[in-house]
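# Structural description and commentary
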Amino acid sequence: MNATQEQLKLKLAQALVAAFGADYTGVDPILVSASNPKFGDFQANVALSLSKKLGMQPRAIASAIVEKLDISDICEPPEIAGPGFINLKLQTSYLEAQLNAIKADPRLGVPKAKNPQKEIVDFSSPNIAKEMHVGHLRSTIIGDCIARILEFRGHDVLRLNHVGDWGTQFGMLITYLREVSPAALTTADALDIGDLVNFYRQAKQRFDADADFQETARQEVVRLQAGAEDTLHAWKLLCEQSRKEFQIIYDLLNVKLIERGESFYNSFLSAVVEDLETSGLLVENQGAKCVFLDGFTNREGEPLPLIVQKSDGGYNYATTDLASLRYRIQKDQAKRIIYVTDSGQTNHFAQFMQVAKKANWIPDDVELVHVPFGLVLGDDGKKFKTRSGDTVRLRDLLDEAVSRTRADLEARLKEEGREETEEFINNVADVVGISAVKYADLSQNRTSNYVFSYDKMLALKGNTAPYMIYAYVRTQGISREGNIDFGNLGADAKIILREDTELTLAKHLLQLDEVISEVEQDLLPNRLCDYIYNLSDKFNKFYENCPVLKSEEPIRTSRLMLCDLTAKTLKLGLDLLGIKVLERM
C-alpha cells in the first residue's frame, strides 16, 4: 500500500495548505498505519504537532484539515478521534479495484526501485581447507535472501563469496602434507574433505608447538607469495577440492554466489599501504604500519591502531578488506556494499570502514552497510555443538533436517493410508527439511541469538516453513478439488469483498510492496517472514468462514481469485526467502 499511503499523504498536505496557508507547504502530515483496525486503516497525527504553532486545539486543527480534504475516491468520510487524530478507512470499492489491478501482475503490484543501482552483497565466505559449519548457515541464507529481494526490486546485484583462500594457514597445511600425504599436493582429490580437515587440525597443533615446523611453514608462505610452481599447484588443488564441497552445500540451499577470495586482491595490497602513507594516515608502531582510529582504545585506554602491514612486511585481513573495498567502488562501481557477517566482527568493520573514510576512498554516493547477526545456540544456551563438543557440520545439519522430515512424512502417510512414490517422498522431504532450517533462521530478528530446534522448525503449526508451505498447498487443493484452472477464471471476472475476513485478507495482500520496500532498506528478512505468516493466518480464517467452491456466482469466482492471489503472494514471498513451494505434501 505504499502508493496508497503516498497518495493520502499528498492529499493531506494539500488540505493542510488549503486550511492554513502556503507557510505550511512541506509539513509532514504524519500519516501512519492505524494501530487498531477499529480506528480504520491509517491515522494522521499532524494536528497534535501544530497546536502550539497555530495556537489552536488539535481537534479544531483536525477539523479544518478534514474540511479541505478530498479523498472520497479512496476513503470513507474521515473521522476525528481523541485529542485530534484523523482516522482514515479505505473504501471497499477502492480495495476491490486495487486487487483487480494486481491479480494478473506477475510482480503483484510491487514496483521496481525508482533508482536501481549496482549493489554488492558479500556473504557466506567460508575458509578453504575447512568444512562449512553451522556458523556459515546464517551468513549464507541471510545474504541470499537480501540479494533476492534487491534483485526483485530491480537492482544490479553482485553476490560475492569472499572465501579465505590465502595466508599462513596454507603454508602450515602444505608443509604438513609434504610429510604425511605428498600425493595430495600433486593429485586432484587424493584426499576427501574430512581427511583434509583433520590434517589441517594436526598441522595447526604442530605449528603451535614446533618452532622448526613454524619456520618451515612461514617459508612455504613466502614461496606461495612468490609463485613457486609446486606450492602454487598444491594451493590450487586444495582450493578446488574445498570449492567442490562448498558447492554441494550451495546446491542444497539453492544459493548462487560468485567466488572472489582474498587471493584475488593480492596485487592491490601494496597500493593500499602506499596510498595511506601518501595521505599522511600511516604511522609506524613497533615496526608495523598502522592507522590510529577514533573511538577505539586498548585496555590501558591508549588509542588502538589498525595494522595494515605487519613488521615482517606481511599484510592482514584489514589490508585485504581495504583493497576489496576500493576495487568494489572503483572497478565494480557499486553504490551500496553490504557485508553479512556475525556480530563478533562489528568492531573490525567499523575500524576498516573508518580508515577508508579518513582516506577519502568512499564517495558521497556510496553506502557501506555491515549486516550483523547473532549466534545459533543449543538447548543449553551455548553455541550449538555436537554432543562431543565439536562444531556442527552444515552438511550434517541439513541432512538431519531432511531425514527427520522424511520420517515424519512416512509416518503420516501410513497413518492416513496414503501411498506415494519414492520420488514424491524424497522431494517433499528435501524441500520441507531444507526450507525449515532456512525459515527458522530468517524468521528471527537477525541481530538476536536463537536456539536451534528441529522439533520447532519442523512443526506443521506456528511460524514455520512447513506451515507456510502447507498454506500454499491448501490453495492448490481447492483448485484440484473443484477442478479449477486458476489461470482461466475469466478476464472480466472481478474480486468482490463482502465479509470481514475477506476485507482483512485483501488489506494484507495489498501490503506486500510496503514490506518488501522495508526489507530492501533495513535488511531484516524476518519482516517478510512475519508478513507471510500473518498472510497464512488470515487466509485460513477466510477459508474457514467463507465457503469457496459452494458459493454462488459471482462470489464463487471472486473467492477463487482471492485464493489464487494468496497463493501467488505466498509463492513469491517464500521465493524471496529462498524457499520452494510444493503442490502437494
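What counts and how
- Residues numbered from 1 in each chain as written.
- Predicted model: local features only at pLDDT ≥ 70, side-chain atom pairs only at ≥ 80, totals over all residues.
- Heavy atoms only, no water.
- UniProt positions renumbered as here; feature names shortened; annotations may be inferred.
- Pairing = 2+ DSSP bridges.
- Helix = DSSP H or I, 4+ residues; strand = E, 2+ residues; numbered from the N terminus.
- Axes fitted to C-alpha atoms, helices over the stretch in contact; angles between N-to-C directions.
- Left-handed = near helix turned anticlockwise from the far one by under 90°.
- Contact = heavy atoms within 4.5 Å.
- Nonpolar A, V, L, I, M, F, W, Y, C, P; charged D, E, K, R; others polar.
- 1 Å grid on protein atoms, 1.4 Å probe; cavity = no way out; pocket = protein on both sides within 12 Å on 5 of 7 lines; lining within 4 Å.
- Points joined across faces, edges and corners; volume = space filled by probe spheres on them.
- Phe/Tyr/Trp six-rings, centres within 6.5 Å; stacked < 30°, edge-to-face > 60°.
- Buried < 20%, exposed > 50% of the residue type's maximum accessible area, 1.4 Å probe, protein only.

Under an unreviewed UniProt entry, the name given to the chain is Arginine--tRNA ligase, and the source organism is Anabaena cylindrica. In its Catalytic activity (unreviewed entry) section, the UniProt record describing the chain reads: "tRNA(Arg) + L-arginine + ATP = L-arginyl-tRNA(Arg) + AMP + diphosphate".

Neighbouring strands of a sheet are bound in pairs by backbone hydrogen bonds; such pairs are parallel or else antiparallel. With antiparallel pairing, the 4 strands of this open sheet are ordered in space as β1-β2-β4-β3. Edge strands, defined here as strands with exactly one partner in the open sheet, are β1 (31-33) and β3 (79-81). Taken over all neighbouring pairs, the strand axes of this sheet differ in orientation by 30 degrees on average, direction set aside. Note that β3 and strand β4 (residues 85-88) share 3 bridges and pair antiparallel. Bridge pairing in β4 links alanine 81 to phenylalanine 85.

With that settled, the discussion passes to the packing of helix α16 (residues 465-481) against helix α20 (residues 555-576). It is the contact of α16 with α20, at a shortest axis distance of 9 Å, that shows an interaxial angle of 145 degrees. α16 and α20 meet at a crossing whose hand is left-handed. The residues of α20 that touch α16, namely those facing Met468, Ala471, Tyr472, Thr475, Gln476 and Ile478, are Leu560, Cys563, Ala567, Leu570, Lys571 and Leu574. When grouped by side-chain class, the residues that make up the contact of α16 with α20 number 9 nonpolar, 2 polar and 1 charged.

Let us now look at the layout of surface pockets. Within this model, the largest pocket holds a volume of roughly 1300 Å³. Along its surface, the largest pocket is lined by 43 residues, and Ser125, Asn127, His133, Gly135 and His136 are the ones closest to its centre. Listing elements by their share of the lining of the largest pocket, those giving two or more residues are α5 (134-152), α7 (193-209), α11 (317-330), β11 (336-342) and α12 (346-358). Take the lining of the largest pocket: its biggest share by element is 5 residues, from α5. Split into classes, the residues belonging to the lining of the largest pocket amount to 14 nonpolar, 17 polar and 12 charged.

Right, let's talk about the packing of aromatic side chains for a bit. According to the stated counting rule, one finds 17 aromatic pairs in the structure shown. On the basis of an interplanar angle of 75 degrees and a centroid distance of 6.4 Å, the ring pair of tyrosine 176 and phenylalanine 213 is categorised as edge-to-face. With a gap of 37 residues between them, tyrosine 176 in helix α6 (residues 168-180) and phenylalanine 213 in helix α8 (residues 211-226) connect regions that are remote in the sequence. Each of the two residues, tyrosine 176 as well as phenylalanine 213, counts as buried.

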